[in-house]
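Results of the structural survey
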Amino acid sequence: MTVLDTELRPAEPSRAIVFWRRYRRNRAALLGLFIFAIVVLMALTAGFVDPGDPLRRAGDPLTAPFVDMSVPLGTDQLGRDILSGLFYGARISLLVGVVATLVAIAIGVIIGALAGYFGGWVDDVLMRVTEAFQTIPNFVLLLTLVAILGSKIEWITLAIGIVSWTAPARMVRAEFMSLRNREFVDAARNLGVSNTSLIFREILPNALPPIIVYASVIMALSILLESALAFLGLGDPNYASWGNMIGQGRAVLRTAWYCAAIPGIAIVLTVLSFSLLGEGLNDALNPRQKQ
Amino acid sequence: MKLALPPILIYSLRRLVQAVPVVILIMIGTFLLLKLAPGDTVDALVGDMGGADAQFIERLRVEYGLDQPVWVQLWRYMEKLATFDLGWSFVYEQPVSTVLMDRLGTTLLLMATSLSIAFTVGVALGAIAARRAYSLTDNVISTLGLIFYATPSFFLSLMMMLLFSVKLGWLPVGGIKTIAGFYTGWDHVWDVALHLIMPTAALSLIYLSFYLRLMRSSVLQVADLDFVRTARAKGAGETRLMFHHIMRNALLPVVTLFGLQFSTVLGGSVVVETIFTLPGLGQLAYQSVIQRDMNTLMGIIFLCSIIVVIVNFLTDLLYARLDSRIELA
């Protein structure tokens, strides 16, 4: 165990540089970042690089991959371009992943902060609600919400956020309980700072690092949830989605297994990249944690 | 005189009492969901009858108490749920509770087999990976864990189907038994087991990675603690150290995760049961969404929640048994 002497060190390099140095120490995390960058690039360039509409016929049905170079990864049973589906699917996956994660974190932060900061009966009530949400199997709740709200992409994203907030709420609550009686919070409280700014300006910034790391987990789970919905045919039919492509590919599994395998590999790689990204973030944000 | 109940009993009673508000909240939640859903019981009933005149519909609404204030309706609804009266399924033309009980066995069987495999194999692999941390064995185990963690269950299921049913022809594609088989006795058991291999493997491979990753980091953490060093200094062999000193402590967070994860695994069975056409609760949930059978759907939520509460209660007891530091009373 070495003791860091923070007082005597020369001028520190900027935070971003320190962050990057710690992050790149983890080689798997670099791989994660690389895959993630490719997926983001695919989402951004869908429609420019690969011009085809993923929902329209682009070639002969069930063209195998690498046969016809106008449809490099082949076509499905309706003649739709699989590569183009991959590009547009990346857009939907990322969009749903990011927005659902923001929704989940927002609900989780509010509930967890209130419960952890105030404690007492507020904590009791909010924790029972959290437990109730944790008790209902999340995919069943998601199906129910989609059955009630409908299959529009906005509602699906919101529903995924609603079924994913419990874990971040518990984390925020635990952080708040350990931080709320620290000296810097007491000092601010004695200066007459209001509860709202104590929660959001003093405590929350200190509670954020583990939540940012966990956001990568929620993002991965959101993408898996969306793809499972789309696979079951409950996704938004107006957008190409990897899950939906696999669901359609299931019908031709015997003759053209690549229709299901290609988007499946895309999901695995994307989710994998989030896991690796999360580990890298953990190394960079919580450098003292033993791992 | 003070009542001398054994502490474990007091502990379990207290845990049970704590579960009551959660169950009540879930009852209120399902009621709200039913209210949010388009159409009510009478709409479903009238639709089932093929239409009726306005006066009759009005009379039905009064009969079902739908003209009452919402909180009266809520109270009646909760009274019914408390006696496990989950309403009528207009799709199956049976009480919802009957429909659910038909399906419960399959789901419980699937859960029990896949979770016990996932837990034991996950814990064992996690412990092995931690013992040989950063070696080739560890890298292979950890990488496989990461990949299965990232694989959607439906994709894994499809690829297994492709390999074992379509290409090799070893295993049946779906269902719980051979329909025209009419097997009895051990033949029946063997037949069901064959049908369950792929769904069980799909579920357990994916959830195994959760336990594996946690167990690995947990063992690494515990192995560094002072009491392990002391035990080693006193001459305990590596095997004894592992099983006697490290494992028991390292298991605690994994048991917690088992309780927390159980509802997720139950949700995951929806996809797997649907793919393999297993007649369980998960497949029923999917069909109810497609057929807009809200009563059945709410029944599934309620029943699943009760199962989760029971499993959590049992894991709490197990935790208390494993961790002797825990205050029972």
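Conventions we followed
Residues numbered from 1 in each chain as written. Chains lettered and ligands numbered in written order. Predicted model: local features only at pLDDT ≥ 70, side-chain atom pairs only at ≥ 80, totals over all residues. pLDDT = per-residue confidence, 0-100. Helix = DSSP H or I, 4+ residues; strand = E, 2+ residues; numbered from the N terminus. Domains from an automatic or database assignment. Contact = placed C-beta atoms within 7 Å. Core = buried A, V, L, I, M, F, W, Y, C linked by C-beta atoms within 7 Å. Buried ≥ 20, exposed ≤ 12 C-beta atoms within 10 Å, placed from the backbone. Expected span 1.5 Å × (residues − 1). Axes fitted to C-alpha atoms, helices over the stretch in contact; angles between N-to-C directions. Parallel < 35°, antiparallel > 145°, perpendicular 65-115°, else oblique. Nonpolar A, V, L, I, M, F, W, Y, C, P; charged D, E, K, R; others polar.

The next thing to look at is the confidence of the model for chain A. Of all residues in chain A, 92% attain a pLDDT of 70 or more, and the chain-wide mean is 84. Looking at the elements of chain A, mean pLDDT is at its lowest for helix α1 (residues 15–24) of chain A, recorded as 80, and at its highest for helix α6 (residues 153–163) of chain A, recorded as 93.

With that out of the way, let us pick up the domain arrangement of chain B. Domain annotation of chain B identifies domain 1 (23–85) and domain 2 (103–279 + 306–322). Between the C-alpha centres of domain 1 of chain B and domain 2 of chain B the distance comes to 41 Å.

Counting residues at the interface gives 41 residues for chain B, matched by 35 residues for chain A. Only α1 (7–36), α6 (136–150), α7 (153–167), α8 (185–223), α10 (238–275), α11 (281–291) and α12 (294–322) of chain B provide two or more residues apiece to the side of chain B that touches chain A. With eight residues, α10(B) is the largest single contributor of residues to the side of chain B that touches chain A.

For the rest of this paragraph, the subject is the nonpolar core. Core analysis: the biggest nonpolar cluster contains 159 residues, and A:V140, A:L142, A:L143, B:Y211, B:A285, B:I300 and B:C304 have the highest contact counts within it. The two domains that each donate at least three residues to this core are domain 1 (23–85) and domain 2 (103–279 + 306–322) of chain B. Dropping the residues within four chain positions of it, B:Y211 is found in contact with B:A118, B:F119, B:G122, B:V123, B:G126, B:V254 and B:L257.

With that settled, the discussion passes to α1(B). Helix length check: α1(B) (30 residues) gives 44 Å between terminal C-alpha atoms against 44 Å at 1.5 Å per residue, within 8%. Within α1(B), burial applies to B:A19, B:V22, B:L25, B:I26, B:M27, B:G29, B:T30 and B:L34. In this fold, the buried residues of α1(B) make contact with α4 (120–135) of chain A together with α4 (70–82) and α12 of chain B.

Moving on to α4(B). For α4(B), which comprises 13 residues, the first-to-last C-alpha distance of 18 Å matches the rise-based estimate of 18 Å (1.5 Å per residue) to within 8%. Downstream of α4(B) by a residue or two, B:F84 has a phi angle that is positive, lying close to 60°.

Residues and elements named next belong to chain A. Running from N to C, helix α2 (residues 27–45) and helix α3 (residues 82–118) cross one another at 105°; their axes reach a closest spacing of 7 Å. When the axes of α2 and α3 are compared, the pair comes out roughly perpendicular. Residues V39, V40, M42, A43 and T45 of α2 pack against L86, F87, A90, R91 and L94 of α3. Grouping the constituent residues of the contact of α2 with α3 by class yields eight nonpolar, one polar and one charged.

If a residue is not glycine, its phi is most likely negative; likewise, a peptide bond is most likely trans. The phi dihedral of B:E93 is positive, around 50°, even though this residue is not glycine. Relative to the assigned elements, B:E93 resides in the loop between β1 (88–89) and β2 (94–95).

Residues and elements named next belong to chain A. Structurally, R24 is set in helix α1. Residue class for R24 comes out partly exposed when judged on the 14 C-beta atoms lying within 10 Å of it. Along the primary structure R24 and T101 are separated by 77 residues, whereas in three dimensions their C-alpha atoms are 25 Å apart.

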